[in-house]
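# Examination of the molecular architecture
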Amino acid sequence: MKAFPLLIAAIVTALWTAAGQAAPPAASAGTPPTATNTNEPANYVISVQWKDTKLGSSFVQMMTADGPFNLDALEHDTMKINGPDVPTTLKLSGDLTVLNAQKGRLKLFIGRTVPYMMGSPKASGGTAAPSYQQLSVGLDATFIVTFGKPLVIQGDENGQISILVKRDES
């Protein structure tokens, strides 16, 4: 019976000693281990392309580092509402998080504003003045992207939207 506790003590001591010897020299010497960062700071090109069966293809491209980004732009096409041309806008915003040299997490909103009629209130001279609002429509989602490979993020019978994120090597 007395040999059993001594055997356990010997096994525990052997395991404890082996664990202490298995630790890296820096950790056992009391210095913290150093972390190696394989993700050097870089710029990334984000390209969004949409193909419409009726209107053809369009794209928008921007450059950013990892982190948040925001692009608001006027589109070339306008809409006529009771005579005057009303602009529509394109919005691309989100946040890019680099996970490693090959992949990233992209939180993205891609959309546009679309004008619509609200009514025709009387102007000060008694003539009707068009009144409109802008409605924001689009896609808001998070994706895991592989740098340099396009990803279809939305599609239907009218077309599709794809995104490409590339590390800028210049």
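Summarised in this report is the structure supplied together with it. (Residues numbered from 1 in each chain as written. Predicted model: local features only at pLDDT ≥ 70, side-chain atom pairs only at ≥ 80, totals over all residues. Heavy atoms only, no water.)

## Quick word on the overall build of the protein chain
Inclusion rule: The way it works is that DSSP assigns letters per residue, a run of H or I at least four long becomes a helix, a run of E at least two long becomes a strand, and they are numbered from the N terminus. Between buried and exposed lies partly exposed: a residue is buried under 20% and exposed over 50% of the maximum accessible area for its type, with that area taken using a 1.4 Å probe on protein chains only. Whether two residues touch is decided by their heavy atoms; if any such pair falls within 4.5 Å, the residues are in contact. Using the Shrake-Rupley algorithm and a 1.4 Å probe, accessible areas are obtained, with residue cover drawn only from the displayed protein chains.
Looking only at helices and strands, the protein chain has 2 helices and 8 strands in total. Helices and strands in the protein chain line up, N terminus first, as α-α-β-β-β-β-β-β-β-β. Looking at the 170 residues of the protein chain, the share that counts as buried comes to 22%. Within the protein chain, residue pairs in contact and separated by at least 24 positions form 48% of the contacts whose partners lie at least 6 positions apart. Carbon and sulfur atoms make up 60% of the accessible area of the protein chain, which amounts to about 11,800 Å² in all.

## Looking at the nonpolar core
In plain terms, the rule: Definition of nonpolar core: a set of buried residues of the types Ala, Val, Leu, Ile, Met, Phe, Trp, Tyr and Cys, connected through side-chain atoms within 4.5 Å.
The biggest cluster of nonpolar side chains holds 22 residues, and the ones touching the most others in it are Val48, Leu106, Leu108 and Val165. Those elements that place two or more of their residues in this core are strand E1 (43-52), strand E2 (56-65), strand E4 (85-98), strand E5 (103-119), strand E6 (131-146) and strand E8 (159-167). Contact partners of Val48, with chain neighbours within four places excluded, come to Ser58, Phe59, Val60, Leu92, Ile110, Ile161, Ser162 and Ile163.

## Some thoughts on the sheet that holds E1
In a beta sheet, neighbouring strands pair by backbone hydrogen bonds and run either parallel or antiparallel. Stated formally: Only when DSSP finds a minimum of two bridges between them are two strands counted as paired. Lines fitted to C-alpha atoms define the axes, with helix axes restricted to the stretch in contact, and inter-axis angles between N-to-C directions lie between 0 and 180 degrees.
Here we have 4 strands laid out as an open sheet, ordered E2-E1-E8-E7, and antiparallel in their pairing. Among the strands making up the open sheet, the edge pair consists of E2 and strand E7 (151-156). Strand-to-strand twist in this sheet, taken as the mean axis angle between neighbours without regard to direction, amounts to 15°. Pairing of E1 with E2 involves 10 bridges; the strand directions are antiparallel. Its bridge partner being in E2, Lys51 is matched across the sheet by Ser57.

## Overview of the pairing of E8
In this sheet, E8 lies alongside E1 in antiparallel orientation, the contact comprising 9 bridges. Opposite Trp50, over in E8, you have Ile161 as the bridge partner. As defined by bridge partners, E7 adjoins E8 across 5 bridges and the pair is classed as antiparallel. Looking at the pairing, Val152 lines up with Ser162 of E8. With antiparallel pairing between neighbouring strands as the criterion, E7 and E8 make up a hairpin whose turn holds 2 residues.

## Some thoughts on the packing of aromatic side chains
Applicable threshold: The pairing test for Phe, Tyr and Trp rings, Trp by its six-membered ring, is centres within 6.5 Å, and the orientation test on the planes gives stacked under 30 degrees, edge-to-face over 60, and tilted for anything in between.
The tally for this structure, following the rule as stated, stands at 1 aromatic pair. With a centroid separation of 5.0 Å and 35° between ring planes, the pair formed by Tyr44 and Phe147 is classed as tilted. Placement of Tyr44 in strand E1 and of Phe147 in the loop between E6 and E7 is noted, with a sequence separation of 103 residues between them. Residue classification places Tyr44 among the buried residues on the basis of a relative accessible area of 3%.

## Comments concerning the side chain of Thr64
The topology assignment puts Thr64 in strand E2. Thr64 has contacts with Ala42, Asn43, Tyr44, Ile46 and Phe69, leaving out every residue within four places of it along the chain.

## Thoughts on the environment of Gly111
Locating Gly111 in the fold gives a position in strand E5. Its relative accessible area of 7% is what places Gly111 among the buried residues. Those residues within four positions of Gly111 in sequence are excluded, and the remaining contacts are Thr89, Leu90, Lys91, Val137 and Gly138.

## Re a nonpolar patch on the surface
Basically, it comes down to this: Like charges within 9 Å and nonpolar side chains (Val, Leu, Ile, Met, Phe, Trp, Tyr) within 5 Å are joined into patches, using only residues over 30% in relative accessible area that form no salt bridge. Note on definitions: salt bridges are taken to be side-chain nitrogens of Lys or Arg within 4 Å of carboxyl oxygens of Asp or Glu.
On the surface, a nonpolar cluster with roughly 240 Å² of combined accessible area is contributed by Tyr116, Leu135 and Val137. Position of Leu135 among the secondary structure elements: in strand E6. Accessibility expressed as a relative area gives 44% for Leu135, which makes it partly exposed.

Everything listed is a geometric property; what it means functionally is a separate question.
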